[in-house]
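Residues per chain, in single letters:
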Amino acid sequence: GFKVEQTQAYQKGQALVDDLKEKYETSDHPMVHKVEEYKERVFAGSEASQAMHEIRMRDPGFDMNIFLRSIKLDAPVVTRAFLKHDMAALADHCG
């Protein structure tokens, strides 16, 4: 079937985003440093923001919305499998 991710326009856009992200992350421009300092002051305070920072460092493609959707779908199935001692279902969902 048709997948947007496979279109040339999407791939060009993604390449542009990746290029801009790399330029920003490796920039020595004083404004970039100021923005990063501000982000650290604002977001470094909470435990949740520190956890999100660590997750994104390990997995730059992490998407909280996708993660939460998968949890909402899998949690009831895993809970039922746990309560029924269904090891096959647990293995399917928990690795």
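Residues numbered from 1 in each chain as written. Predicted model: local features only at pLDDT ≥ 70, side-chain atom pairs only at ≥ 80, totals over all residues. Heavy atoms only, no water.

## Let's talk about the overall build of the protein chain
Turning to step 1, where the next piece is worked out: When you go through the protein chain residue by residue, the secondary structure sums to five helices and zero strands.
Turning to step 2, where the next piece is worked out: Taken over C-alpha atoms, the radius of gyration comes to 20 Å for the protein chain, far larger than the 12 Å a tight globule of 95 residues would show.
Turning to step 3, where the next piece is worked out: Overall size of the protein chain, expressed as C-alpha extent along the three principal axes, is 60 × 40 × 15 Å.
Turning to step 4, where the next piece is worked out: For the protein chain, the accessible surface area stands at approximately 8,500 Å², while carbon and sulfur atoms represent 60% of it. (Helix = DSSP H or I, 4+ residues; strand = E, 2+ residues; numbered from the N terminus. Rg over C-alpha atoms; globule rule 2.2 N^0.38 Å. Areas by Shrake-Rupley, 256 points an atom, 1.4 Å probe, with all protein chains shown as cover.)

## Describing a nonpolar patch on the surface
Turning to step 1, where the next piece is worked out: On the surface, F2, V4 and Y10 cluster together to form a nonpolar patch covering roughly 340 Å² of accessible area.
Turning to step 2, where the next piece is worked out: Inspection of the secondary structure puts F2 in the segment before helix 1 (8-25).
Turning to step 3, where the next piece is worked out: The exposed category is assigned to F2, whose relative accessible area is 70%. (Patch = residues over 30% accessible without salt bridge, like charges linked within 9 Å, V, L, I, M, F, W, Y side chains within 5 Å. Salt bridge = Lys/Arg side-chain N within 4 Å of Asp/Glu carboxyl O. Buried < 20%, exposed > 50% of the residue type's maximum accessible area, 1.4 Å probe, protein only.)

## Describing the packing of aromatic side chains
Turning to step 1, where the next piece is worked out: Within this structure, the stated rule accounts for one aromatic pair.
Turning to step 2, where the next piece is worked out: Ring geometry for F62 against F67: centres 5.7 Å apart, planes inclined by 50°, an arrangement best described as tilted.
Turning to step 3, where the next piece is worked out: Look at F62 and you get buried, because its relative accessible area is 17%. (Phe/Tyr/Trp six-rings, centres within 6.5 Å; stacked < 30°, edge-to-face > 60°.)

## Some remarks on the pattern of salt bridges
Turning to step 1, where the next piece is worked out: For the structure on display, the rule yields two salt bridges.
Turning to step 2, where the next piece is worked out: E54 is the partner of R58 in a salt bridge, and the nearest nitrogen-oxygen pair spans 2.7 Å. Of this pair, R58 and E54 are both found in helix 3 (residues 47-58), four residues apart, which corresponds to roughly one turn of the helix.

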